[in-house]
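Examination of the molecular architecture
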Amino acid sequence: MSEAIPSGEIDHARGLAANADRVIVKAGTNSLTDETSNLDDEKLDKLVDDVADLVQRNKAVILVSSGAIGAGKGRAGFTSEDTVEQSQALSTIGQSHLMRRYTESFERYGITVAQILVTEHDLENPERFTNFKNTVDTLLDWGVVPIVNENDAVATEEIRIGDNDMISSSIAIGVEAGLLVTLTDVDGVYTGNPQRDPDAELIEAVGRNYHQVETIVEESGSRSFGGIRTKVSGARRVSEHGIPAIIAASAEPDVLEKVATEQAVGTIFTPINGHETEAQ
């Protein structure tokens, strides 16, 4: 990157991330399913292990989880879905299976979970969002981990764009979280598409260089890599509200423990105060 983020700024952001009392963790479909679109028990248990580590550090964690449509494909024997209606139907099959597995996995730690299904419209409506926040606050007070997913059974536009990335950022802002961690199948944000560019390098931090990063993501995007766009957009959105955000690999060993102990992992988006990071 032509404009590096000062190390002191990065260290400060890592400190804020490590000390956050309320954390939003977003996990994508590829972090939960295998190549045949079946839920991968090993991947799911690993995610739960990481979340449980934060809970055991007395942090309130909200898990935003994709994977219902993917899990539904495996259960119903689909290799692909051709219509929005099929995606919606598959989500209803996969969601119950997903929650059953989450319940079983979190029980290993004596942690109770709760399911909340929302759409972006629910979060944009003040009255509905107040009800959502009150429910989440109550669950967290009880030591329960809320597991939020997009309500794919009634969503249409959201299914097409993978809106859990934006839903997780809306929740982080609305419930005044101290950190958003987006776990995905890549190590973070790169200077190119790592799937086809062997020289692509991991970007350690994003802040005043955001517009350069945005250009890189747009130019290097592909169908398989394009999901990083909404993750970057969501991370930037929360950083503009003073909340640090991290995009990291779900497969990284002890990924959330590393975040909680101020270790370098993935790409961190430094909080923005005011409008100091306008395009340079």
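Below you will find a few notes about this structure. (Residues numbered from 1 in each chain as written. Predicted model: local features only at pLDDT ≥ 70, side-chain atom pairs only at ≥ 80, totals over all residues. Heavy atoms only, no water.)

**A short note on helix α2 (residues 41-56)**
For α2, built from 16 residues, the straight-helix expectation of 22 Å at 1.5 Å per residue is met to within 8% by its first-to-last C-alpha distance of 22 Å. At its buried positions, α2 is contacted by β1 (22-27), β2 (60-65), α4 (84-107), β5 (179-184) and α11 (255-260). N-cap assignment for α2: the residue whose side-chain oxygen lies 3.0 Å from the backbone N of E42 is D40. Two residues or fewer after α2 comes N58, characterised by a positive phi angle close to 65°. (Helix = DSSP H or I, 4+ residues; strand = E, 2+ residues; numbered from the N terminus. Expected span 1.5 Å × (residues − 1). Contact = heavy atoms within 4.5 Å. Polar contact = N/O pair within 3.5 Å; in protein donor to acceptor, adjacent residues only side chain to side chain.)

**What about the pairing of strand β7 (residues 245-249)?**
When you tally the buried positions in β7, you get 5 out of 5 residues, the bulk of the element. Side-chain alternation along β7 places A245, I247 and A249 on one buried face and I246 and A248 on a second face that is also buried. Where β7 lies against strand β8 (residues 267-269), 3 bridges are found, and the strand directions are antiparallel. Counterpart to I246 in the pairing with β8 is I268. (Buried < 20%, exposed > 50% of the residue type's maximum accessible area, 1.4 Å probe, protein only. Pairing = 2+ DSSP bridges.)

**Quick notes on the packing of α2 against α4**
A pair of packed helices is captured by two measures, namely the crossing angle of their axes and the spacing between those axes. Contact geometry for α2 and α4: axes closest at 10 Å, N-to-C directions at 55°. Judged by the angle between their axes, α2 and α4 are oblique. Relative to α4, the crossing made by α2 is right-handed. On α4, the residues touching D41, L44, D45, L47, V48 and V51 of α2 are L98, R101, Y102, S105 and F106. (Axes fitted to C-alpha atoms, helices over the stretch in contact; angles between N-to-C directions. Parallel < 35°, antiparallel > 145°, perpendicular 65-115°, else oblique. Left-handed = near helix turned anticlockwise from the far one by under 90°.)

**Notes on helix α3 (residues 68-76)**
Buried residues dominate α3, accounting for 7 of its 9 residues. Three or more residues of α3 are buried, namely A68, I69, G70, A71, G72, K73 and G74. G77 sits one or two residues past α3 and shows a positive phi near 80°.

**Considering the packing of α3 against α4**
Running from N to C, α3 and α4 cross one another at 95°; their axes reach a closest spacing of 6 Å. In this view, α3 runs roughly perpendicular relative to α4, as classed from their interaxial angle. Of the residues in α4, those touching α3 at A68, I69, A71, G72, K73, R75 and A76 are S87, L90, S91, I93, G94, Q95, H97, L98 and R100. Split into classes, the residues belonging to the contact of α3 with α4 amount to 7 nonpolar, 6 polar and 3 charged. (Nonpolar A, V, L, I, M, F, W, Y, C, P; charged D, E, K, R; others polar.)

**Side note on unusual backbone geometry**
For residues other than glycine, phi is negative in most cases, and the peptide bonds are mostly trans. With a phi close to 65°, N58 is a non-glycine residue in the positive phi region. Note that N58 resides in the loop between α2 and β2. With phi around 65°, E262 is a residue other than glycine that occupies positive phi space. Inspection of the secondary structure puts E262 in the loop between α11 and β8. Assessed through its relative accessible area of 45%, E262 is described here as partly exposed.

**Quick word on the sheet that holds strand β6 (residues 205-206)**
The 8 strands lie next to each other as β3-β4-β2-β1-β5-β7-β8-β6, forming an open sheet whose pairing is mixed. In the strand order of this sheet, the two ends are held by β3 (113-118) and β6, each with one partner. Where β3 meets strand β4 (residues 145-150), 6 bridges bridge the pair, whose relative direction is parallel. Counterpart to V113 in the pairing with β4 is V145. Against the sheet, α4 engages β2, β3 and β4, with an angle of about 150° to β3.

**Let's talk about the side chain of S250**
Summarising the element assignment, S250 is placed in the loop between β7 and α11. Overall, S250 belongs to the buried group, its relative accessible area being 15%. Setting aside chain neighbours within four positions, we find S250 in contact with S31, K46, D50, L183, T184 and V255.

**Thoughts on the pattern of salt bridges**
For the coordinates displayed, the defined rule picks out 18 salt bridges. K26 serves as the salt-bridge partner of D165, at 3.0 Å between the closest nitrogen and oxygen. Of the two residues, D165 sits in helix α8 (residues 164-174) while K26 sits in strand β1, which places them 139 residues apart along the sequence. Judged on exposure class, the residue D165 and its partner K26 are both buried. Several salt bridges share partner residues, and in doing so they unite D41, D45, D49, R100, R101, E104 and R108 into one network. (Salt bridge = Lys/Arg side-chain N within 4 Å of Asp/Glu carboxyl O.)

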